Amino acid sequence: MYNTDWTKDFPILNQEMNGKAFVYLDSAATSLTPEVVLEKMNEYYREYGVNVHRGVYAMGAKADGEFESVRDQVQKFIKASSREEIVFTRGTTTAINMVAFGYVLPKLQAGDEIVTSMSEHHANFVPWQVVAQKAGATLKFAPLDANGAVTPAALQSVMSEKTRFVALNHMSNVMSALNDVQALSRVTHEFGAEILIDGAQAVPHLSIDVQAIDCDFYAFSGHKMFGPTGVGVLYGKYACLQAMEPFEYGGAMIDQVQQFTTSYKDAPYRFESGTPMIAEVIGLGAAITYLEKIGYATIQTQIETLREYAIQQLEQLEQVEIYNPHNHEAATIAFNIKDVHSHDAVTVYDLEGVAIRAGHLCAQPLLSEIHQGSILRMSLQVYNTKADIDRFIAATKKASDFLDVLFL
Amino acid sequence: MSYSYDEQMFRQIIMDHYKTPRFKGLVEQPGFVTVHLKNPSCGDDMQVQTQVENGVITEVHHDGSGCSICCASASMMAQLVSGETIEQAQAKKQAFYDMVSGQGIDEELLDEAISLQGVAKLPPRIKCATLGWKAFEQTISKETVEQAEGVTIVTE
Ligand SMILES: Cc1ncc(COP(=O)(O)O)c(C=O)c1O
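Residues numbered from 1 in each chain as written. Chains lettered and ligands numbered in written order. Predicted model: local features only at pLDDT ≥ 70, side-chain atom pairs only at ≥ 80, totals over all residues. Heavy atoms only, no water.

Comments concerning the pairing of strand β10 (residues 232–236) of chain A
Residue and element names in this part refer to chain A. Burial within β10 is extensive, with five of its five residues counted as buried. With four bridges connecting them, strand β4 (residues 86–89) and β10 associate as antiparallel partners. Of the residues in β10, the one forming a bridge with Thr 89 is Gly 232. Summarising the sheet, strand β9 (residues 217–221) and β10 pair through five bridges and their orientation is antiparallel. (Buried < 20%, exposed > 50% of the residue type's maximum accessible area, 1.4 Å probe, protein only. Helix = DSSP H or I, 4+ residues; strand = E, 2+ residues; numbered from the N terminus. Pairing = 2+ DSSP bridges.)

In structure tokens:
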């Protein structure tokens with residue numbers, strides 16, 4: 001029932017934290033990195049660590065080849081119709097900002113509307129606030145259902161002929177509610193608007209088909225799906241990317257530079273200015289290979305089994321309040337311990353060697369919706385084991401005696 | 001007054017300040033300087049208000065939300081600096097910073113606040129323990145006092 005085959009691939013799991021074997025339950029913040037990804041990046045630096053898109057010598061061609069082959073790999077991974085629809089970015093946050101400021105803002109007029117929701121990560125929330133303010137546009141919020149999801153009907157209820165753009169998550173980062181993004185895209189297009197999906201939390205858990213979803217943009221981060229930090233992907237329908245202004249200007253993105261004017265390359269290269277994150281892109285490729293080797297079915301079964309077990313254990317503790325018990329596809333459990341501030345609790349876990357997240361989780365709007373100033377979140381990945389859950393539950397039982405941490 | 005190390009007593013002191021904080025709640029009167037500090041990573045949020053007359057801190061108030069260490073520490077801080085001269089309050093503040101960074105405990109100066117000495121072994125929590133003190137420090141800093149009367153909002 002429980003699969004522990006993958007745990008050994010993650011060297012960090014041999015570490016200790018506060019003198020205890022390290023239990024990592026914060027994969028929604030960032031996933032751990034398997035040896036194969038570390039190896040692949042090491043190999044770049046050791047064996048062909050030169051710049052891309054520049055060298056006319058053999059080693060440059062090798063670097064180029066490895067780098068650009070990841071574009072093909074990402075295209076297949078999310079089923080984009082062409083490799084030119086894949087832009088490498090620093091991460092989800094950068095990808096969303098590129099669309100907000102390079103695509104939406106230039107087209108936006110006073111009185112237009114942008115739709116988002118209260119369950120967005122700050123990365124898919126603050127840029128839209130700023131863009132709306134700059135353009136004199138109005139920000140509207142699709143209401144959430146009891147599980148924290150945006151239903152197509154909920155989206156429809158806030159759409160109007162003034163809606164220009166919709167920005168919603170595929171899976172939220174606190175409640176882990178799964179949105180039916182295909183239906184949300186359909187509703188958006190019925191109103192003649194366009195949609196960006198924040199896939200940062202979805203890509204580690206679900207197979208993505210951007211053509212089936214029919215979204216206009218899709219953004220995700222490498223570091224949440226076994227890849228390195230500092231790399232992410234912006235997918236855009238090619239016509240959308242071609243209509244998007246660059247966010248950054250400089251080398252590599254240009255076609256021809258004259259004294260007073262410059263022409264730019266076509267998408268996606270126009271959006272990849274300067275020396276890119278070469279090792280990280282190559283590492284992302286290795287992460288996709290690794291993820292596909294495990295397979296989403298295995299990841300989902302493992303996480304669901306562990307989560308159901310954890311929920312069952314937590315429900316026996318009357319001091320625990322769970323906010324997303326019914327989100328069965330979720331890889332997270334959002335909860336609090338009654339009368340214990342999340343920050344008091346998290347130190348108890350910390351000293352037990354268990355890493356979980358506390359605070360507002362970059363989702364202050366959502367926390368205000370559920371009337372909590374701060375919460376605890378544990379999140380799972382395929383490398384977690386039943387023993388991890390047992391350690392987590394043991395720490396949870398201790399958390400009510402939170403002052404103990406001062407007297408160890 | 002001095003304390004010998006007694007864990008049970010420390011626990012009681014901390015819980016007491018956490019559950020029944022001293023000088024909690026702000027006042028709306030002229031002559032106070034208010035500083036609002038937040039720790040955005042954990043959500044701790046603290047406002048401290050002081051009134052200074054002739055170099056003496058005549059009143060201190062605080063209000064905020066956060067974990068036990070943050071709230072209890074702010075309450076202890078208010079108790080410790082009320083009625084003190086600025087110099088004396090600064091010395092207590094420094095003694096508190098020294099204690100939570102593991103550089104010695106001055107029982108004379110810190111009184112009940114020595115109950116928080118265990119924070120020195122919890123580096124991620126030092127920020128919680130010092131948030132109220134940091135806000136207090138800013139209320140009596142020269143620049144803040146010069147622009148007094150208004151509310152200064154600072155995000156840490
Ligand atoms: C749903 C969601 N969107 C966006 C982000 C931001 O991703 P990054 O920090 O990699 O840019 C996160 C990361 O926490 C997230 O969970």
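Here we look at the domain arrangement of chain A
Residue and element names in this part refer to chain A. Domains assigned within chain A are domain 1 (5–26 + 295–406) and domain 2 (48–292). Each of domain 1 and domain 2 was reduced to a C-alpha centroid, and the two centroids are 29 Å apart. Between domain 1 and domain 2, the contact holds 33 residues from the first and 25 residues from the second. For the pair domain 1 and domain 2, the summed buried surface comes to about 2,400 Å²; carbon and sulfur atoms form 61% of the total. Considering only the side of domain 1, the residues that lose the most area to domain 2 are Tyr 296, Pro 365 and Leu 366, jointly responsible for 26% of the buried surface there. The interface formed by domain 1 and domain 2 includes zero salt bridges. Connecting domain 1 to domain 2 are 13 residue pairs in polar contact (both at pLDDT 80 or more). With five residues, the top contributor of residues to the side of domain 1 that touches domain 2 is helix α12 (residues 364–369). (Domains from an automatic or database assignment. Contact = heavy atoms within 4.5 Å. Buried area = accessible area lost by both parts, 1.4 Å probe. Salt bridge = Lys/Arg side-chain N within 4 Å of Asp/Glu carboxyl O. Polar contact = N/O pair within 3.5 Å; in protein donor to acceptor, adjacent residues only side chain to side chain.)

Details of the sheet that holds β10 of chain A
All names here are of chain A. Pairing within the open sheet is mixed, and its seven strands lie in the order β4-β10-β9-β8-β7-β5-β6. Strands at the two margins of the open sheet, each flanked by one partner only, are β4 and β6 (138–142). Each neighbouring strand pair of the sheet contributes to a mean axis angle of 20 degrees, computed without reference to strand direction. Set on the sheet, helix α2 (residues 58–78) makes contact with β4, β9 and β10; between it and β4 the angle comes to about 115 degrees. (Axes fitted to C-alpha atoms, helices over the stretch in contact; angles between N-to-C directions.)

A look at the site of the ligand
Residues and elements named next belong to chain A. Close to the ligand lie Thr 92, Thr 93, His 121, Ala 123, Asn 173, Asp 198, Ala 200, Gln 201, Ser 221, His 223 and Lys 224. In this structure, an oxygen atom belonging to the ligand sits 3.4 Å away from a main-chain N or O atom of Thr 92. A distance of 2.6 Å separates an oxygen atom of the ligand from a polar side-chain atom of Ser 221. For the ligand, whose accessible area on its own is 400 Å², the fraction buried by protein is 85%. Grouping the constituent residues of the shell around the ligand by class yields two nonpolar, seven polar and two charged. (Near = heavy atom within 4 Å. Areas by Shrake-Rupley, 256 points an atom, 1.4 Å probe, with all protein chains shown as cover. Nonpolar A, V, L, I, M, F, W, Y, C, P; charged D, E, K, R; others polar.)

Regarding the packing of helix α1 (residues 35–47) of chain A against helix α9 (residues 278–294) of chain A
Residues and elements named next belong to chain A. In contact at an axis separation of 8 Å, α1 and α9 are set at 145 degrees when each is read in the N-to-C sense. The interaxial crossing formed by α1 with α9 has right-handed handedness. Across the interface between the two elements, Val 36, Val 37, Lys 40, Met 41, Tyr 44 and Tyr 45 from α1 touch Ile 278, Ala 279, Glu 280, Ile 282, Gly 283, Ala 286, Ala 287 and Tyr 290 from α9. By residue class, the composition of the contact of α1 with α9 is eleven nonpolar, one polar and two charged. (Left-handed = near helix turned anticlockwise from the far one by under 90°.)

A few points about helix α1 (residues 7–19) of chain B
Residue and element names in this part refer to chain B. For α1, with 13 residues, the first-to-last C-alpha span of 18 Å sits near the 18 Å given by 1.5 Å per residue. Among the residues of α1, Phe 10, Arg 11, Ile 13, Ile 14, His 17 and Tyr 18 are the ones counted as buried. The arc that holds the buried residues of α1, viewed along the axis, is 165 degrees, so those residues lie on one side. Pointing more than 90 degrees away from the buried face of α1 are the exposed residues Gln 12 and Lys 19. (Expected span 1.5 Å × (residues − 1). Arc of directions from axis to C-beta.)

Overview of the nonpolar core
Residues and elements named next belong to chain A. By size, the foremost hydrophobic cluster in this structure holds 147 residues, and its most contacted members are Leu 155, Tyr 218 and Phe 335. Element by element, the count of residues in this core is highest for α9, at eleven residues. Built from parts of two domains, this core gets at least three residues from each of domain 1 (5–26 + 295–406) and domain 2 (48–292). Residues in contact with Leu 155, not counting those within four places in the same chain, are Val 115, Ala 142, Val 150, Val 166, Leu 168, Leu 184, Val 187 and Thr 188. The next biggest cluster of nonpolar side chains, apart from the first, holds 27 residues, and it includes Ala 100, Tyr 103, Val 104 and Ala 135. (Core = buried A, V, L, I, M, F, W, Y, C linked by side-chain atoms within 4.5 Å.)

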